[in-house]
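What the coordinates show
Single-letter residue listing:
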Amino acid sequence: MTATATSTAGTRERTAPWSGQSVARKEDGRLVQGQGSFIDDLGMHGQGYAWFVRSPHAHARIVSVDPSRALAAEGVYAVLTGEEAKQMCEVPFFQIAPGAGARIEEWPLAVDKVRYQGDAVAVVLADTRDAARDAAELVDVDYEPLAVVVDGVAAADPGAVVLHEEAGTNVAWHGTYDYGDIDWALESADHVVRIDRLHFHRFSSTPLECNGATVNWDRGSGMVEVKSNLQMPMFAAMVIGPTLGVPINKFSFSSRDIGGAFGNKIAFYPQIAALALLSRKAGRPAKWTEYRTEHMMTSTHGNERTFLDIEVPVMGDGSILGVKVRAYDDVGAYLHYEPLGAVIWSQVVPGCYKMKHVRVDFTTTLTNKCPVSPNRGYSRMQHLWMLERIIDIVAHELGFDPVELRKRNYVQPEDYPYETPNGCVYDSGDLPRSLDIALGLAQVDFWRRRKQELGTGKGKRVGIGIGSTLDSGTNNFGQARIINPDLPFSGNGEAALAKLDLYGEVNINLGTTPQGQSHETTSAQVAADILNMSPEDVTVTVGFDQAHNSFVGFSGTYASQFAVTGLGAVMGATEKLRDQILEVGSFALEAPKEELELSSGTCMVRGDPSRSIPFIGIANLVYTNNAVLPPELRSTVDLNCRYVYVPPFAVPDAEHKTGNLTLTYASQIHVCVVEVDEETGATEIVSYAAVDDCGNRVNPRIVEGQVHGAAALGIGAALYETFDYDEEGQLEQPSFYEYHAGTALDIPDIQSGYLESPSPFTPNGAKGMGEGGGAPLHAVCAAIQDVLGKDDAVVSDSHNSSERVYELLHSADHHRARGVTVVSRPSADA
Amino acid sequence: MTEPSTTHAIEVTINGKIYHREVEARQLLVHFIRDTLDLTGTHIGCDTGSCGACSVILNGKLVKSCMLLAPQADGAVIDTVEGLAADGELAPLQESFAAHHGLQCGYCTPGMLMSATYLLRENPTPTAEEVRRGIKGNLCRCTGYVNIVRSILAVAEANRARLTGTSAEGGQQ
């Protein structure tokens, strides 16, 4: 093997404070040499290879499962069927939903019925991957196909075929969010803009590394060891523990490098549970590496949402008073993390705007499609997309300039802290200025002239669009009570451990599971500032390990929060460690603590370097020489400092659906310029800018990288990426061959800018960021809208392939319904 | 009649080291590299030749190692990501990816580096457009390619300076 080379892009030449600098990443040395440890690179002694047997039908009764031919095949250790798995379990998986949704019984493998294409009915363990795959084909399953429902709105019809008979309905959750007085607003407005239907399509971030795990149910100890790439492993433990009858302290979850996740690696706990039972049955570890089609078909998709009967009251000056809408969230065949999507959107009820009257009638439905779970921008981007569509449609219909209309309705810089109609508190920001910066970066003045010159009928048209979003971060998990008031969840938090090791090494353990967000680097920056040393001399343990005990129930890497919760925990733990070092130093140097300082791994009397003790000396006194310490010091100092950062939340009001649901609101304002070919509908992005305001940036280059990534995934979704099902529930994009993930030729160069509006609510003034709020979907749709004429249909879908743009360009020729009407009071001037 | 053989004896040179192995006829080259030889830097992101995470350089050509069977590589000379750094020093491209934040999760990075290495061998001073075309077969879901393009262009810039004799910093692949 190649020896590990070290990067020269080091940090030695720089000086403190390290926070705020684009310090080189600790992760890169191993990753650029192919020395990362991703899930398929890991395993356990004596492991077998698992392969799931999956349904070709979207909805069918399981008549029989016969594993005998598979068991007779060479190299096969065991086959576990759905019925057998159920017999080994104590209870079905915990459900978040109340009422009908709570009655759903989900087990590790399908029992009696399959409910989407790819639903797992059995799993095989064999001595090689190929033997397992071959044997999986020998498991004989008899299916009796059933009627299929793939439309999220039709699924709510009383006559629709029901997926889960025990629930008796496909409606997993329903509730009305009603703030202000929308009826009054609709009566009082100068104009009411009505939009028939908007549809936010299904897609996923599709991390390049698929899911995977090696699970061992240890025969002797009963310990269940899980090496996986789960991004919220202790959530999985809490879900599957009662089902498997395994207490949390008999689990040992761990992870190392994770090859992207974007929310998509939160909810594959059914697979983990099935592997645990398979291991238990076979008496050896079970290793499973998901393959790409399995991922596309069964891992997870993002929430597909349909908005119906949208009504928007608008005043003559362009003030938008609110919105009334019915929303249907299609979450697929099972409730994985759902129906939390039915409340998460309400972190951003009015989006970036000051509208005060909002009524959303929200229904979560089950369909014969892949279950959804969080996907970058989870649930908020769907809602924000609808709001941004509303802004541009209002502008288009009533003749407002989209820039001026936004600026008129934005929450203004002097309004912060700004309380929204449902009690969320926007912490800080400057949206108008962010928009101006973005318009400048995208060279919109140039493109406006170009648009003017080209007009229409010259083969190409230019369109300019804006996407204004909030990237709400650090959830108050109490919002789950708005879904189900009986849930014992609220608040949030993250843990970290800071310690000196036996020879004085500084080490940080995190409760998080980074997937490219550079937690080792930024944690080291923060710890280095507190200990007054170089981040190069701070080691941050790679990966998550339950055995470190640096976790709480919320631990993981998701929902734009590390800069607040994770770094808050690192700060707290490291400050405790500094205090302990100073206490031991005070004894050793015979000087009061107040006269001591730390410098590059040494504790010294300020101004007198001759009186100093290095960290190795501090560690020696505590770990291997403690008889010299006075008793009170021995009993209080251990140099192992755990801290849990807890944000200041209250329990939301579940009845009125109000409360502060997230701590921080980073903003992202994107501007997109497209050039559309009139003959073909081919749409090319010719200029793109993104301005991020996430408060104080701990590492600006890493922040910029997140902005690029969120922009690229959104652009891909807006133009290229979609999961479609035919009427029989067959997925039409089961691999990267059909699912066109954006390539380097598709994704434009992205101009990025920033503002720093520090959050008054966080320990470091930072805000969580990274998800990005789906801003490109909003901006691309707005740009396409800008290309269309007065008589054309409105852009009503979040996915716009060239074919769809072509249809939009020609919608007026075919007298298609425009999908929008405006009712104005007689006296009102548009 | 004897059964047709289902295994082949192959000899492959990877990063300068010669390997002799008996392999199953159906084994993919990428599984041979990863599982048989334990060179796990080469990754798998799809099964359709779409993502490029398994890219290696075989007999001087860039290939996706999930699209070849191991027996087809008999006699081949292959470079993988593990061979890029030499004598404890990172290759200029590796340095540049680190310096320009050209990677986040790092999963596409080995394949991306091999594509970029091949690109710069063929064309030491590509334009941004040529860089984008050169890596179009490699998917990255984290970076939006912006910093990957910057990383490769920085090495191209050093190559250009070296070729025109203005400066000798960095350079090559």
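Position numbers for residues start from 1 in each chain and track the written sequence from start to end. Naming scheme: in the order in which they are written, chains are lettered from A and ligands are numbered from 1. The model is predicted, so local features are restricted to residues of pLDDT at least 70 and side-chain atom pairs to those at 80 or more, both for listing and for counting; the totals for chains, interfaces and linings are taken over all residues. Water and hydrogen atoms were dropped before computing side-chain values, which therefore reflect all heavy atoms in the structure.

Overview of the pattern of salt bridges
- Any Lys or Arg side-chain nitrogen located within 4 Å of an Asp or Glu carboxyl oxygen qualifies as a salt bridge. Scanning the entire structure with this criterion turns up 52 salt bridges over all chains.
- In this structure, the salt-bridge partner of A:Asp134 is B:Arg26, at a minimum N-O distance of 2.8 Å. With one member in each of two chains, A:Asp134 in helix H5 (residues 129–136) and B:Arg26 in the loop between strand S2 (17–24) and helix H1 (29–36) form a pair that bridges those chains.
- The shortest N-O distance in the salt bridge between A:Asp190 and A:Arg825 comes to 2.9 Å. Taken together, the residues span a long stretch of sequence, with A:Asp190 in the loop between helix H6 (182–188) and strand S8 (191–200) and A:Arg825 in the segment after strand S30 (820–824) at a distance of 635 residues. Helix and strand assignments follow DSSP, with helices taken as H or I runs no shorter than four residues and strands as E runs no shorter than two, numbered in order from the N terminus.

A word on the environment of A:Leu198
All names here are of chain A.
- Along the chain, Leu198 turns up in strand S8.
- Leu198 gets classed as buried once you look at its relative accessible area, which sits at 0%.
- Sequence separation of Leu198 and Leu431 is 233 residues, and the distance between their C-alpha atoms is 25 Å. Accessible area is worked out with a 1.4 Å probe on protein chains only. A residue is then buried under 20% of its type maximum, exposed over 50%, and partly exposed in between.

Examining the environment of B:Lys61
- Within the fold, B:Lys61 resides in strand S4 (residues 61–64).
- Residues B:Lys61 and B:Thr40 lie 21 residues apart in sequence; the distance between their C-alpha atoms is 20 Å.

Things to note about the nonpolar core
- In terms of nonpolar packing, the biggest core is built from 224 residues, with A:Tyr177, A:Leu244, A:Phe253, A:Ile310 and B:Ile152 touching the most fellow members.
- No other element matches the 11 residues that helix H11 (residues 380–398) of chain A contributes to this core.
- Contact criterion: two residues are considered in contact whenever any of their non-hydrogen atoms come within 4.5 Å of each other. Look past the residues within four positions of A:Leu244 in its chain and what remains in contact with it is A:Cys89, A:Glu90, A:Trp217, A:Phe251, A:Ala273, A:Ala276 and A:Leu277.
- Core analysis: the next-biggest nonpolar cluster, separate from the first, contains 50 residues, A:Ala498, A:Leu510, A:Leu531 and A:Leu596 among them. Nine residue types can take part in a nonpolar core, namely buried Ala, Val, Leu, Ile, Met, Phe, Trp, Tyr and Cys, and a core is a set of them joined through side-chain atoms within 4.5 Å.

Description of a nonpolar patch on the surface
All names here are of chain A.
- Residues qualify for a patch when their relative accessible area is over 30% and they have no salt bridge, like charges being joined within 9 Å and the nonpolar side chains of Val, Leu, Ile, Met, Phe, Trp and Tyr within 5 Å. Here the open area of atoms and residues is found with the Shrake-Rupley method and a 1.4 Å probe, where only the protein chains shown may cover a residue. Taken together, Leu502, Tyr503 and Ile616 make up a surface patch of nonpolar side chains, about 350 Å² in accessible area.
- The topology assignment puts Ile616 in helix H18 (residues 615–624).
- Its relative accessible area of 42% is what places Ile616 among the partly exposed residues.

With respect to the domain arrangement of chain A
Residues and elements named next belong to chain A.
- These domain limits were set by an automatic method or by a database of domain assignments. The domain architecture assigned to chain A consists of domain 1 (42–146 + 208–261 + 265–299), domain 2 (175–204 + 300–478 + 652–824) and domain 3 (493–645).
- For domain 1 and domain 3, the distance between their C-alpha centroids amounts to 39 Å.
- Counting residues at the interface gives 18 residues for domain 1 and 16 residues for domain 3.
- The term buried area denotes the loss of accessible surface (1.4 Å probe radius) that occurs when two parts are joined, taken as the sum for both partners. When residues of domain 1 are sorted by the area they lose upon contact with domain 3, Gln231, Met232 and Met234 head the list and together hold 36% of the total.
- At the surface where domain 1 touches domain 3, the tally comes to 0 salt bridges.

Observations regarding the sheet that holds strand S28 (residues 683–693) of chain A
Residue and element names in this part refer to chain A.
- Strands pair, by our definition, only if DSSP identifies at least two bridges between them. Read across the sheet, 4 strands follow the order S18-S27-S28-S29 without closing on themselves; strand pairing throughout is mixed. Each having just a single partner strand, strand S18 (460–475) and strand S29 (751–755) make up the two edges of the open sheet. Sheet twist, expressed as the average angle between the axes of neighbouring strands with direction ignored, equals 20 degrees.
- Against the sheet, helix H21 (residues 775–787) engages S18, strand S27 (662–677) and S28, with an angle of about 155 degrees to S18. Axis definition: a line fitted to C-alpha atoms, limited for helices to the stretch in contact. Angles are taken between N-to-C directions and run from 0 to 180 degrees.

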